[in-house]
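Results of the structural survey
So you can see what is in the structure, the chains are spelled out below.
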Amino acid sequence: MKCFVLVILLVTLLSGCTSPFGYYEPATVQDGIISNPKVGWNGYSIKIPEGMTVFNPSTADPDTAQLTGFKKWFMKEDLRYATAGYISYTEHFLIEQHEVDFFISVVADTYSLSAGWGSITSMESTYVLRQIADRKMVKINDDSAKRTELEINGQKAWHISGTNRPYFKKDYVPLAYEGYFIIGKLKEAFWIEGIGAMDQRDKMKERVREMAESLQIH
């Protein structure tokens, strides 16, 4: 019975029709800051680490020869991700640094919630966070990844540290994964994730944490 009630909670939280993307305005990138005053109550901002730049898939040409295979995959993943029925608006950025073998992905989602995060109890929001963290661990194919519940700038969050392994491949190079999922103040939530070479984990972890702590939800 308890499991049934929790499933109903998730369905209720993620109910509602998907809004046209035209209702929102895209984020801007200026002076090393990604910001959007139209997401959530009064918007958000996040600082790009020094020496890193933004690759925005929504403004890039997928047929450009200069795009790496990873960027082309990222653009396809971004398009697939943006069609999720429980998300009414999404923004996705890739943060990169030349000659450094890792990337940081920043996603700002607005969920099709029937009401905002403030309408559910602390126990309920903890459950939702745990379920989202569990799905991410399945997606990166590492059910032994370490996950920690925490607060970042007063907002509930999960930190996941593990290894990304592609499914159905015998020969592959495992990649280090570091990610934060942070709940906003209205109906928004944020993924800040790093993925890269295993020997880059320490530096990548530091940069991902730096970005997560720079997130301001207004």
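Now for a description of the structure that goes with this document. Note that the coordinates shown come from a computational prediction; the quantities given were computed from them, not determined experimentally.

Turning our attention to the overall build of the chain. Within the chain, the regular secondary structure consists of four helices and 11 strands. Residues counted as buried form 48% of the 218 residues belonging to the chain. Considering only contacts within the chain whose residues lie at least 6 apart along the sequence, 59% involve residues at least 24 apart.

With that out of the way, let us pick up helix α4 (residues 201-214). The first and last C-alpha atoms of α4 sit 20 Å apart over 14 residues, in line with the 20 Å expected at 1.5 Å per residue. The complete set of buried residues in α4 reads Arg201, Met204, Arg207, Val208, Met211, Ala212 and Ser214. For α4, the angular spread of buried residues about the axis comes to 165°, placing them on one side. Across α4 from its buried face, at more than 90 degrees, point the exposed residues Asp202 and Glu206.

Turning our attention to the packing of aromatic side chains. On inspection of all chains with the given rule, the structure shows three aromatic pairs. Geometrically, the ring pair formed by Tyr44 and Phe190 is edge-to-face, given 5.0 Å between the ring centres and 65° between the ring planes. Placement of Tyr44 in strand β3 (residues 44-47) and of Phe190 in strand β10 (residues 188-196) is noted, with a sequence separation of 146 residues between them. The exposure class of Tyr44 is buried, given its relative accessible area of 3%. What makes Phe190 buried here is its relative accessible area of 2%. Taking the centre distance of 4.9 Å and the plane angle of 50° together, the rings of Phe181 and Trp191 count as tilted.

Under the criterion given, the structure shown has six salt bridges. When the shortest N-O distance is used, the salt bridge between Glu193 and Lys136 registers 2.8 Å. One end of the pair, Glu193, is in strand β10; the other, Lys136, is in helix α3 (residues 122-139), with 57 residues separating them in the sequence. In this structure, Glu193 and Lys136 share a single accessibility class: buried. Asp142 is paired through a salt bridge with Arg165; the nearest N and O atoms lie 3.7 Å apart. Pair noted here: Asp142 is in the loop between α3 and β7 (146-152) and Arg165 is in the loop between β8 (155-164) and β9 (175-183), with a separation of 23 residues, a long-range link. For Arg165, a relative accessible area of 28% gives the class partly exposed.

Rules behind the numbers
- Residues numbered from 1 in each chain as written.
- Predicted model: local features only at pLDDT ≥ 70, side-chain atom pairs only at ≥ 80, totals over all residues.
- Heavy atoms only, no water.
- Helix = DSSP H or I, 4+ residues; strand = E, 2+ residues; numbered from the N terminus.
- Buried < 20%, exposed > 50% of the residue type's maximum accessible area, 1.4 Å probe, protein only.
- Contact = heavy atoms within 4.5 Å.
- Expected span 1.5 Å × (residues − 1).
- Arc of directions from axis to C-beta.
- Phe/Tyr/Trp six-rings, centres within 6.5 Å; stacked < 30°, edge-to-face > 60°.
- Salt bridge = Lys/Arg side-chain N within 4 Å of Asp/Glu carboxyl O.

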